[in-house]
Amino acid sequence: MTVKVEANQISFSYKNFEALTNIDFTLENGKIYGLIGRNGAGKTSLLSLLAAYQKSTSGNLKIDGENIFENERAMAKVTFVHQVDYKDEYDTIPQFFELANRYRPTFDQQYAEQLVELFQLPTDKPLKELSTGMQSAFNVTIGLANRTPLTIFDEAYQGMDAPTREVFYNEILEEQERNPRLFILSTHLVSEMEYLFDEVLMIDKGKLIVKEDMGSLLQKGFSITGAIDDIEQVVSGLQVLSEQQLGGTKSVMVYGELPKEKEEEIKQKGLEIGSVSLHDLFIQLTKERNKDE
Ligand SMILES: Nc1ncnc2c1ncn2[C@@H]1O[C@H](COP(=O)(O)OP(=O)(O)OP(=O)(O)O)[C@@H](O)[C@H]1O
């Protein structure tokens, strides 16, 4: 089963507050998309539109060419994993699996049971008695075992310890090998999860500011280090995200394609070019800037 998701000029408002503005993208089957953005940037709002929990205020959101909202056929293709309040949930994991079997034609019970073993989840306790990390592991189990063409994890790692998160990440990669589909992972754990992403969607204040293949995004960001005067000459016309100075040495983080002549100039001056991480790019691209910066 393959899937294609298209957002065309999506905007979304809560009463008078516009949380998302003119979002455009196409997402393809077989890829893992990392959705990153600061607190309140609009990640959950966007994901809840994709899961048809809410309707966009304007624009079109389609799965395989069909509008998502109030469309059962489209909805059957999506699993949205997010934090759920289980404080009144007396059912056990096997009881939940029965429901999933009934309502999700693609649910794979055998795989779900393997995941329960892998995450070492108790099957005799009601969900309300599971720890926060165990409840998250259960949500992830359902998300993976549903095997819907579009699987969305909204900060699904909440409360999981590091070894459990590792199991979760490995399982996404293995599942993608076995049953390629479209995953969207929203996260604040950028450094920890960046190796999972094929593409990055970065949202800032409701706007999509980056949609880029991981490799080319990391090529667009780099640092240049050298003598202060040389650096100042070389960066004119480049987008400088940050700068640091120590003694007579200056280091700048730059974003964008580097024109050939600049590359030559940097070489001639013997300046050092270094790579930057997605984590650093994320911080700098979404930083609050003074008006005169
Ligand atoms: N029910 C609501 N009513 C009014 N405003 C809301 C509501 N839910 C979210 N918002 C606002 O919409 C904006 C986007 O929120 P959203 O939850 O989508 O952000 P997020 O990127 O998921 O944030 P976080 O990383 O903190 O989870 C925020 O300014 C938030 O205050």
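Residues numbered from 1 in each chain as written. Predicted model: local features only at pLDDT ≥ 70, side-chain atom pairs only at ≥ 80, totals over all residues. Heavy atoms only, no water.

In the nomenclature of an unreviewed UniProt entry, the protein chain corresponds to ABC-2 type transport system ATP-binding protein from the organism Salimicrobium album.

(A) Quick peek at the packing of aromatic side chains. For the structure on display, the rule yields 10 aromatic pairs. On the numbers, 6.2 Å between centres and 15° between planes, the contact of Phe153 with Phe183 is stacked. One end of the pair, Phe153, is in strand E7 (residues 150-154); the other, Phe183, is in strand E8 (residues 182-186), with 30 residues separating them in the sequence. You'll find Phe153 and Phe183 in the same group, each marked buried. (Phe/Tyr/Trp six-rings, centres within 6.5 Å; stacked < 30°, edge-to-face > 60°. Helix = DSSP H or I, 4+ residues; strand = E, 2+ residues; numbered from the N terminus. Buried < 20%, exposed > 50% of the residue type's maximum accessible area, 1.4 Å probe, protein only.)

(B) Focus on the site of the ligand. In the region of the ligand, 13 residues are neighbours, and Gly40, Lys43, Thr44, Ser45 and His188 sit closest. At a separation of 2.7 Å, an oxygen atom of the ligand approaches a polar side-chain atom of Lys43. With respect to the ligand, the side chain of Thr44 contributes an N or O atom lying 2.9 Å from an oxygen atom. Within the complex, 59% of the 640 Å² of free accessible area of the ligand lies under protein. Those elements giving two or more residues to the shell around the ligand turn out to be strand E2 (17-28) and helix H1 (43-50). Considering every element that reaches the shell around the ligand, the biggest residue donor is H1, with three residues. Across the shell around the ligand, the residue classes tally to four nonpolar, six polar and three charged. (Near = heavy atom within 4 Å. Polar contact = N/O pair within 3.5 Å; in protein donor to acceptor, adjacent residues only side chain to side chain. Areas by Shrake-Rupley, 256 points an atom, 1.4 Å probe, with all protein chains shown as cover. Nonpolar A, V, L, I, M, F, W, Y, C, P; charged D, E, K, R; others polar.)

(C) Looking closely at the side chain of Arg147. With respect to the helices, strands and loops of the structure, Arg147 is situated in the loop between helix H5 (132-146) and E7. Look past the residues within four positions of Arg147 in its chain and what remains in contact with it is Thr106, Asp108, Tyr111, Glu175, Arg178, Asn179 and Arg181. (Contact = heavy atoms within 4.5 Å.)

(D) Inspection of the pattern of salt bridges at higher detail. What the rule picks out here adds up to 19 salt bridges. Of the charged contacts in the structure, one is a salt bridge between Glu175 and Arg178, with a shortest N-O distance of 3.0 Å. On the criterion of helical spacing, the pair formed by Glu175 and Arg178 is a turn pair, its members being three residues apart in helix H6 (residues 162-178). For Glu175, a relative accessible area of 0% corresponds to the buried category. Of the residues examined, Arg178 reaches a relative accessible area of 42% and is grouped as partly exposed. (Salt bridge = Lys/Arg side-chain N within 4 Å of Asp/Glu carboxyl O.)

(E) Main features of the domain arrangement of the protein chain. According to the domain assignment, the protein chain consists of domain 1 (4-205) and domain 2 (217-285). The centre of domain 1, based on its C-alpha atoms, is set 37 Å off from the matching centre of domain 2. Each partner contributes to the interface: domain 1 provides 10 residues, whereas domain 2 provides seven residues. Roughly 710 Å² of surface becomes buried between domain 1 and domain 2 when both sides are summed, with 78% attributable to carbon and sulfur atoms. (Domains from an automatic or database assignment. Buried area = accessible area lost by both parts, 1.4 Å probe.)

(F) The sheet that holds strand E3 (residues 32-37), seen in detail. Read across the open sheet, the six strands follow the order E6-E7-E8-E3-E9-E10; overall the sheet is mixed. The open sheet has two edge strands with one neighbour each: strand E6 (78-81) and strand E10 (207-213). Mean inter-strand twist for the sheet, computed between neighbouring axes without regard to direction, equals 15°. Relative to E8, E3 runs parallel, the two sharing four bridges. If you follow Ile32 over to E8, its bridge partner there is Phe183. (Pairing = 2+ DSSP bridges. Axes fitted to C-alpha atoms, helices over the stretch in contact; angles between N-to-C directions.)

(G) Expanded view of the sheet that holds strand E14 (residues 272-275). One open sheet holds the four strands; their spatial order is E12-E13-E11-E14, and the pairing between them is antiparallel. The open sheet is flanked by strand E12 (239-246) and E14, the only strands paired with a single partner. Taking the axes of each pair of neighbouring strands and ignoring which way they run, one obtains an average angle of 25° across the sheet. One ladder, built from seven bridges, connects strand E11 (residues 221-227) with strand E13 (residues 249-255); its direction is antiparallel. Of the residues in E13, the one forming a bridge with Gly221 is Tyr255. On the sheet, helix H11 (residues 278-285) packs against E11, E12 and E13 and is oriented at approximately 85° with respect to E13.

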